[in-house]
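Analysis of the macromolecular model
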Amino acid sequence: MCGVGTRLYTLGSNTSNFDVTSDTVPILTRPFDNVTLGRQDSDVVTYPGSTTGGISVQTNSRVGGGDVFYRRMCFQDACHRIDFIAGYQFAKIDQDLRISSNRTMIATGGTIAFGTVVENRDIFDTENTYNAGELGLMAEYDRGCITWNLLAKVGLGKMSQRLQVNGSTVTTVPGQAPVVTSQGLLALDSNSGTFERNVFTVS
């Protein structure tokens, strides 16, 4: 007449990497929105005769969740059974993006000293946690060689969202101490920090 069920799922952790240097691609640039000039722009990381270096991009994603529910039979005959279900469900979806670039000045006679190294880093980290109550119906049909099952449910709850944005730039001039600033190419003072919100969600 009644029972308890639970389900768990996970996609595990997935990591993707992309690395390229001026040894294989002599011209490397990073596109970005130039908020100062109000237009699309590009940051030249490497260029023959001017700079050498590379770009590295890494993404990580993790997905998992599940539910636990109480089920109670509300109809049954020779071939059919329909159960009412009520319970709790949860899910967690996290993802981060890390972009870094480094360049070494090899041009002489310019405004930037030969051998100067500039390292940029941008980090975007997101966390999404979903908690909800669920209601639904579970139907079963069994007639000899024909069997089918149907599950229909709805979840009503809250999605807690959290975003962290930060960046840094390290400039090292030969013979001088490194200079560190808290801005990258994409993560600026205007958009860096921790941002949180809760959203009513139906699943």
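Described in the following lines is the structure provided in the data block. Counting restarts for each chain: residues are numbered from 1 in the order of the written sequence. Given that the model is predicted, a residue must reach a pLDDT of at least 70 before its local features are reported, and side-chain atom pairs must reach 80 or more before they are shown or counted; all residues, however, enter totals for whole chains, interfaces and linings. Note: side-chain values were computed over all heavy atoms of the structure, leaving out hydrogens and water.

The subject of this paragraph is the pairing of strand β2 (residues 28-34). For a regular strand, the rule is simple: side chains alternate between the two faces of the sheet. As judged from the seven bridges shared by β2 and strand β3 (residues 39-46), these two strands associate in the antiparallel manner. What sits directly across from D33, in β3, is Q40. Strand pairing is assigned whenever DSSP identifies at least 2 bridges connecting the two strands. Strands here mean DSSP runs of E at least two residues long; helices mean DSSP runs of H or I at least four residues long; both are numbered from the N terminus.

To continue, consider the packing of aromatic side chains. Two rings belonging to Phe, Tyr or Trp (six-membered ring only in the last case) form a pair when the distance between their centres is within 6.5 Å. Interplanar angles under 30 degrees mark stacking, angles over 60 mark edge-to-face geometry, and anything in between is tilted. In this structure the tally under the stated criterion is two aromatic pairs. Judged by centre distance (6.1 Å) and plane angle (20°), the ring pair of Y88 and F90 falls under stacked. With a 1.4 Å probe rolled over the protein chains alone, any residue whose accessible area is under 20% of its type maximum counts as buried; one over 50% counts as exposed, and the rest are partly exposed. Judged by its relative accessible area of 31%, F90 is partly exposed. On the basis of an interplanar angle of 15° and a centroid distance of 5.7 Å, the ring pair of Y141 and W148 is categorised as stacked. Since its relative accessible area comes to 14%, Y141 is described here as buried. For W148, a relative accessible area of 37% translates into the label partly exposed.

Our next topic: the pairing of strand β4 (residues 51-76). Across 19 bridges, strand β1 (residues 2-21) lies against β4 in antiparallel orientation. In the sheet register, R7 faces β4, and the bridge partner there is D67. Both β4 and strand β5 (residues 80-105) contribute to a ladder of 25 bridges, which runs antiparallel. When the bridges of β5 are listed, R72 appears paired with F84.

We now examine the pattern of salt bridges. Think of it this way: side chains of opposite charge can pair up when their charged atoms draw near. One speaks of a salt bridge when a side-chain nitrogen belonging to Lys or Arg is within 4 Å of a carboxyl oxygen belonging to Asp or Glu. With the rule as written, the count across this model stands at 14 salt bridges. A salt bridge links R162 to E196; its shortest N-O distance comes to 3.2 Å. Within this pair, whereas R162 is found in strand β7 (residues 146-172), its partner E196 is found in strand β9 (residues 193-202), the two being separated by 34 residues in sequence. The class for R162 is partly exposed, based on a relative accessible area of 27%. Salt bridges here are not isolated pairs; linked through shared partners, they connect R7, D67, E134 and K153.

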